[in-house]
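Residue-level structure breakdown
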Amino acid sequence: MLMNMANLLKVANEKSFAVPAFNISSESMLNGVIESCEKEKSPVIIAIHPNELAFTGDSFVEMVKDIANKTTVPVALHLDHGSDFEQIQRAIRDGFTSVMIDASTKSFEENIELTKKVIEIAHPLNISVEAELGTIGTTDGDSEGGTDEIIYTKPDDAVKFVEATGCDCLAIAIGTAHGIYPDGFEPHLKLDLLSEIKSKVSIPLVLHGGSANPDSEIAESVKRGVNKINISSDIKAAFFKECRKVLENDKLREPLDIFPACIDKMNETVVHKIRLFNSNDKLKHYTL
């Protein structure tokens, strides 16, 4: 069932789990994610970045909405890292049930102003709004708008920002980066910072750049109050690594022969993330 992300995350906040937000840009990936979520009885957020939307086109969104409305689990359709008002407007016209306005690289005051502008047009249409405070790092191959320097979210600023904007959820910077981390690099989350922010801000908190972080830290972040975690690189890496193996057989040319094994391999990662976020078997908490 397609629903507003604020309503979806409200349950996660009350029941102390995190909903996975999987970035997808193909029908095969979409079907695989939905299949796994149905089996695990997990709510899910289908996230599409503006770059992915430019690639798939608006008609792809119609298919996502159709599948979301027919599935047995709660689904939010979310624009990931919208960076300007035009991208937000496109997502609203397409029927997204949630949008993210990422003005994190702007000044604190400009971030507030742009977030409020988005909320003014989104909330009357029952569309939730995610904002970001602080910056997410970037790695090689990142196309989602990270920065070379991580600016950690300040707890007091988070309080002021939420009060000033009325955003539905807040992406915070506690040490993650988009993409797959290079070999030998060991990322570490500032979990005490997360706890301090959660003690002062009541809305759901979001963790971006969740791919390739240690499972132990991700699980602990959920216990400390993260309610949405974005996963993009991990599932795509699993899908296309298997795809390269399958295509070693140069006689294969039909998608129905190539993609099933790729979807199965991707779904191993999808299920792992669902269980890591404690999102499995949470369908029972929703009224659809």
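Everything numeric in this text was worked out from a predicted model, so none of it was measured. (Residues numbered from 1 in each chain as written. Predicted model: local features only at pLDDT ≥ 70, side-chain atom pairs only at ≥ 80, totals over all residues. Heavy atoms only, no water.)

Section: the pairing of strand β8 (residues 226-231)
If a strand is regular, its side chains alternate between the two faces of the sheet. This is how the line gets drawn: Summary of the burial criterion: residues with accessible area below 20% of their type's maximum are buried, those above 50% are exposed, and those between are partly exposed, where the area comes from a 1.4 Å probe applied to protein chains only. Helix and strand labels come from DSSP, where a helix needs a run of H or I of at least four residues and a strand needs a run of E of at least two; each type is numbered from the N terminus. Here a strand pair is declared whenever DSSP counts at least two bridges between the two strands.
When you tally the buried positions in β8, you get six out of six residues, the bulk of the element. In this structure, strand β1 (residues 19-23) lies alongside β8, joined through four bridges in parallel fashion. Bridging across to β8, Phe22 finds its partner in Ile231. Taken together, the three bridges between strand β7 (residues 205-207) and β8 define a ladder with parallel strand orientation. Residue Val206 lies in a different strand from β8, and its bridge partner there is Lys228.

Considering the nonpolar core
Selection criterion: The criterion is simple. A nonpolar core is a set of buried Ala, Val, Leu, Ile, Met, Phe, Trp, Tyr and Cys residues joined through side-chain atoms within 4.5 Å. Contacts between residues were defined by any pair of non-hydrogen atoms, one from each residue, lying within 4.5 Å.
Counting residues in hydrophobic clusters, the biggest one holds 72 residues, and the most contacted among them are Val33, Ile46, Val99, Leu170 and Ile229. Among the elements that take part in this core, helix α11 (residues 255-276) stands out by supplying seven residues, more than any other. Sequence-distant contacts of Val99, that is, excluding residues within four places in its chain, are made with His78, Leu79, Ile88, Ala91, Ile92, Val118, Ile127, Ser128, Val129 and Glu130.

Let's talk about the pattern of salt bridges
To keep things clear, this is the line we draw: A pairing counts as a salt bridge when a side-chain nitrogen of Lys or Arg comes within 4 Å of a carboxyl oxygen of Asp or Glu.
Summed over the entire model, instances satisfying the criterion amount to 15 salt bridges. A salt bridge links Glu40 to Arg275, with the shortest nitrogen-to-oxygen separation between them at 2.8 Å. You can see Glu40 sitting in helix α2 (residues 27-40) and its partner Arg275 sitting in helix α11, a full 235 residues away along the chain. By relative accessible area, which is 13% here, Glu40 ends up buried. Ionic pairing is found between Asp156 and Lys200, a salt bridge with its closest N-O pair at 2.9 Å. Residue Asp156 is located in helix α7 (residues 155-165), and its partner Lys200 is located in helix α8 (residues 191-200); the two are separated by 44 residues in the primary sequence. By relative accessible area, Asp156 is classed as partly exposed at 44%.

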